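Chain by chain, the residues run as shown.
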Amino acid sequence: MLGPQARWSRRGLIVGLGALTASCATSSRRAAPVAFVAPAPLPVTAEPLFVPPPAAQAAVTLDPRGQIRKALLDDALVAFRRHGDRIARKDEIYLVDFQQHSSKPRLFRLDMTTGEVAAWRTAHGRGSDPAHTGFAQRFSNVPDSNASSVGAYLTAGQSSGRKHGPNVLLDGLEPTNNEARQRAIIVHAADYCEPAYVAAHGKLGRSYGCFSLSQADLKVLRPAMDAGRLLFAGI
């Protein structure tokens, strides 16, 4: 029979083994790891990118120095709008003022993007000025009239002929000049448009209805006029 001390030792051993067993059991049953789930991103409402509108383009002032007679300019702009579907190149238009004396620069180039104007001399037809006064007084669309025709023309490209050499072809767009091709009305150079002729006679010579220029001026204007531009001759 065990004494009291032995019984206490045995009880302690049993309690200790129980505690150890419980501890091992606890260690063997560790909690499963918890998977980390990232929170869903908050919805973001994208603001539309603000692009400031381009600054309004300032209106172009046509002919700011008033070189072109206003009535002529107004008529040319009306023709420009009326024949817009035929005019492929709208950045420049050409105007001829047959009210001006032939010694004056009266063939104008109007830049529609800047409003600026340049001017050259051009002749009128013999039939328009029979007495050779320097002023065109009558106009005709009739073949062999040798007169200038008024109205809107369309430049039809650079060409060259045996009689007048390099030139610009023209198509008449209106009843007042629609025989231009048949009459061979073109832009070409002529000796009677040279500065020396003007200095000697005080005026240009006369064409057979064509828009004649000096050689130097034709070199500038021929590639510029080319094809698809408006040339408007008015009175």
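Residues numbered from 1 in each chain as written. Predicted model: local features only at pLDDT ≥ 70, side-chain atom pairs only at ≥ 80, totals over all residues. Heavy atoms only, no water.

## Focus on the packing of aromatic side chains
Logical step 1: Taken as a whole, this structure holds three aromatic pairs when the rule is applied.
Logical step 2: On the basis of an interplanar angle of 15° and a centroid distance of 6.1 Å, the ring pair of Phe98 and Phe211 is categorised as stacked. Placement of Phe98 in the loop between β1 (92–97) and β2 (107–111) and of Phe211 in strand β7 (residues 211–213) is noted, with a sequence separation of 113 residues between them.
Logical step 3: Ring geometry for Tyr153 and Phe211: centres 5.4 Å apart, planes at 90°, overall edge-to-face. Note that Tyr153 is positioned in strand β4 (residues 151–161) and Phe211 in strand β7, a separation of 58 residues in sequence. Each member of the pair, Tyr153 together with Phe211, is buried.
Logical step 4: Aromatic rings pair up to connect Phe98, Phe139, Tyr153 and Phe211 into one cluster. (Phe/Tyr/Trp six-rings, centres within 6.5 Å; stacked < 30°, edge-to-face > 60°. Helix = DSSP H or I, 4+ residues; strand = E, 2+ residues; numbered from the N terminus. Buried < 20%, exposed > 50% of the residue type's maximum accessible area, 1.4 Å probe, protein only.)

## Section: the side chain of Asn167
Logical step 1: Along the chain, the position of Asn167 falls in strand β5 (residues 165–172).
Logical step 2: Assessed through its relative accessible area of 4%, Asn167 is described here as buried.
Logical step 3: Among the polar contacts listed, one links the side chain of Asn167 to the backbone oxygen of Gly165, at a separation of 2.9 Å.
Logical step 4: Setting aside residues no more than four positions away along its own chain, Asn167 makes contact with Gly157, Gln158, Ser159, Ser160, Gly161, Ile186, Val187, His188 and Arg222. (Polar contact = N/O pair within 3.5 Å; in protein donor to acceptor, adjacent residues only side chain to side chain. Contact = heavy atoms within 4.5 Å.)

## Observations regarding the side chain of Ser148
Logical step 1: Note on placement: Ser148 falls in the loop between β3 (117–120) and β4.
Logical step 2: Looking at Ser148, its side chain comes within polar contact range of the main-chain nitrogen of Gly125, at 2.8 Å.
Logical step 3: Apart from the residues lying within four places of it in its own chain, the contact partners of Ser148 are Phe98, His124, Gly125, Ser128, Phe139, Ser140 and Gly209.

## Notes on the environment of Asn178
Logical step 1: The topology assignment puts Asn178 in the loop between β5 and β6 (186–189).
Logical step 2: Non-local contacts of Asn178, meaning those with residues more than four positions away in its chain, are made with Asn141 and Gly172.
Logical step 3: Side-chain polar atoms of Asn178 contact the side chain of Asn141, separated by 2.9 Å.

## A short note on the pairing of β2
Logical step 1: Note: β1 against β2, five bridges, orientation antiparallel. Residue Glu92 lies in a different strand from β2, and its bridge partner there is Asp111.
Logical step 2: In the sheet, β2 pairs with β3 via four bridges, with the strands oriented antiparallel. Paired with Arg109 across the bridge in β3 is Ala118.
Logical step 3: Between β2 and β3, which pair antiparallel one after the other, the connecting turn spans five residues, and Gly115 there sits at a positive phi close to 85°. (Pairing = 2+ DSSP bridges.)

## Considerations on the nonpolar core
Logical step 1: One finds Tyr153, Val187, Phe211 and Leu231 to be the most contacted residues of the largest nonpolar core, which totals 22 residues.
Logical step 2: Those elements giving two or more residues to this core turn out to be β1, β5, β6, β7, α4 (215–225) and β8 (227–234).
Logical step 3: At four residues, the largest contribution of residues to this core is made by α4.
Logical step 4: With 19 residues, the next largest nonpolar core counts Ala76, Leu77, Ala152 and Phe232 among its residues. (Core = buried A, V, L, I, M, F, W, Y, C linked by side-chain atoms within 4.5 Å.)

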